[in-house]
Amino acid sequence: MRLLLVEDDDHVAAALSAILARHGFDVTHARSGEEALRALLPDDGAPFAVVLLDLGLPDQDGFEVCGKIRKRTATPVIMVTARADTRSKIHGLNLGADDYVVKPYDTGELLARIHAVARRTPHTESAPDETHDSVAPQPLRLGALTIELPNRQVSVSGMVVALTRKEFDLLALLAQRPGVVFRREQIISEVWRTSWEGTGRTLEVHVASLRAKLRMPALIETVRGVGYKIVVPAA
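Below, the discussion takes up the overall build of the chain. Looking only at helices and strands, the chain features 8 helices and 12 strands. Buried residues in the chain amount to 44% of all 235 residues. Accessible area for the chain stands at about 12,400 Å²; split by element, carbon and sulfur atoms hold 52% of it.

One open sheet holds the 4 strands; their spatial order is 6-7-8-9, and the pairing between them is antiparallel. With one partner strand each, in any of the chains shown, strand 6 (140-142) and strand 9 (159-161) form the two edges of the open sheet. Between one strand axis and the next, the sheet turns through 25° on average, direction left out of account. In terms of strand pairing, strand 8 (residues 153-156) meets strand 9 through 3 bridges, oriented antiparallel. Each bridged residue has a counterpart across the sheet, and for Val156 the counterpart in strand 9 is Met159. Along the sheet face, helix 6 (residues 165-175) touches strand 6, strand 7 (145-148) and strand 8 and points at about 105° away from the line of strand 7.

Counted by the stated rule, this structure contains 14 salt bridges. Between Lys68 and Glu64 there is a salt bridge whose closest N-O contact spans 3.2 Å. Taken together, the residues Lys68 and Glu64, both in helix 3 (residues 62-72) and 4 residues apart, mark about one turn of the helix. Connected through salt bridges with shared partners, the residues Glu7, Asp54 and Lys103 form a single ionic network.

When you line up the elements, Thr146 lands in strand 7. Residues in contact with Thr146, not counting those within four places in the same chain, are Pro139, Leu140, Arg141, Gln153, Val154 and Ser155.

With that settled, consider the confidence of the model for the chain. The pLDDT averaged across the chain works out to 83; a share of 86% of its residues lies at or above 70. Helix 7 (residues 184-192) is the least confidently modelled element of the chain, averaging 82 in pLDDT, while strand 3 (residues 50-53) averages 95, the highest of any element.

Two pairing modes exist for strands in a sheet, parallel and antiparallel, and in both the strands are linked by backbone hydrogen bonds. Reading across the sheet, the 3 strands line up as 10-12-11 and stay open at both edges, with antiparallel pairing between neighbours. Pairing within the sheet leaves two strands with one partner each, and these edge strands are strand 10 (182-183) and strand 11 (220-223). Examined bridge by bridge, strand 11 and strand 12 (residues 227-230) share 4 bridges and lie antiparallel to one another. Bridge pairing in strand 12 links Thr222 to Tyr228. Strand contacts of helix 6: strand 10, strand 11 and strand 12, with the helix running at about 70° to strand 12, the strand carrying the most contacts.

What counts and how
- Residues numbered from 1 in each chain as written.
- Predicted model: local features only at pLDDT ≥ 70, side-chain atom pairs only at ≥ 80, totals over all residues.
- Heavy atoms only, no water.
- Helix = DSSP H or I, 4+ residues; strand = E, 2+ residues; numbered from the N terminus.
- Buried < 20%, exposed > 50% of the residue type's maximum accessible area, 1.4 Å probe, protein only.
- Areas by Shrake-Rupley, 256 points an atom, 1.4 Å probe, with all protein chains shown as cover.
- Pairing = 2+ DSSP bridges.
- Axes fitted to C-alpha atoms, helices over the stretch in contact; angles between N-to-C directions.
- Contact = heavy atoms within 4.5 Å.
- Salt bridge = Lys/Arg side-chain N within 4 Å of Asp/Glu carboxyl O.
- pLDDT = per-residue confidence, 0-100.

Dropping the structure here:
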């Protein structure tokens, strides 16, 4: 599995690279944001499975780098940083990071999180012709909202709405069973693949962001003490 490690501290990078190599990872080390962005397009064309991104980089803030990565590729990003405050965690996840790990961390936990985000990332580019003769799934339509699952596109009244990976995953989960209440624990497990208690606040932030971006505040209803559900808009 190819992994891009973005870390400006050579001692930290060397130690972590050695551990990752022992667990079967092919690690590329980038020391700056610009170097990381160049490395995202390797000469042999083989994509990285995961990016481990430090936030304290010498040339630009890691949050800025994450935003640029997300515009260029769907490669999973795990932020690995000493910034432990909730605001930074929420900001990173809203930018499109798939996970957020605070230093110092347990190596076993980091490895588990790397494998977790890699497992749930589809690699559709490896088989572009597989669905050529199959019938494409029909878009989900809820009033003015249209969700196209294969190309992960959302539009409202024909206007495309840009969502982060997690925002789309959350919306798609709820929209496939309109009217059904999803428990918070179930949503966190399905979308974030974790039972981490701190993800609860992140879920609330993502729901609020969806309501604002879609301009349909009544679409996602909060069921107090339980979770959330999609309310089918009136015809």
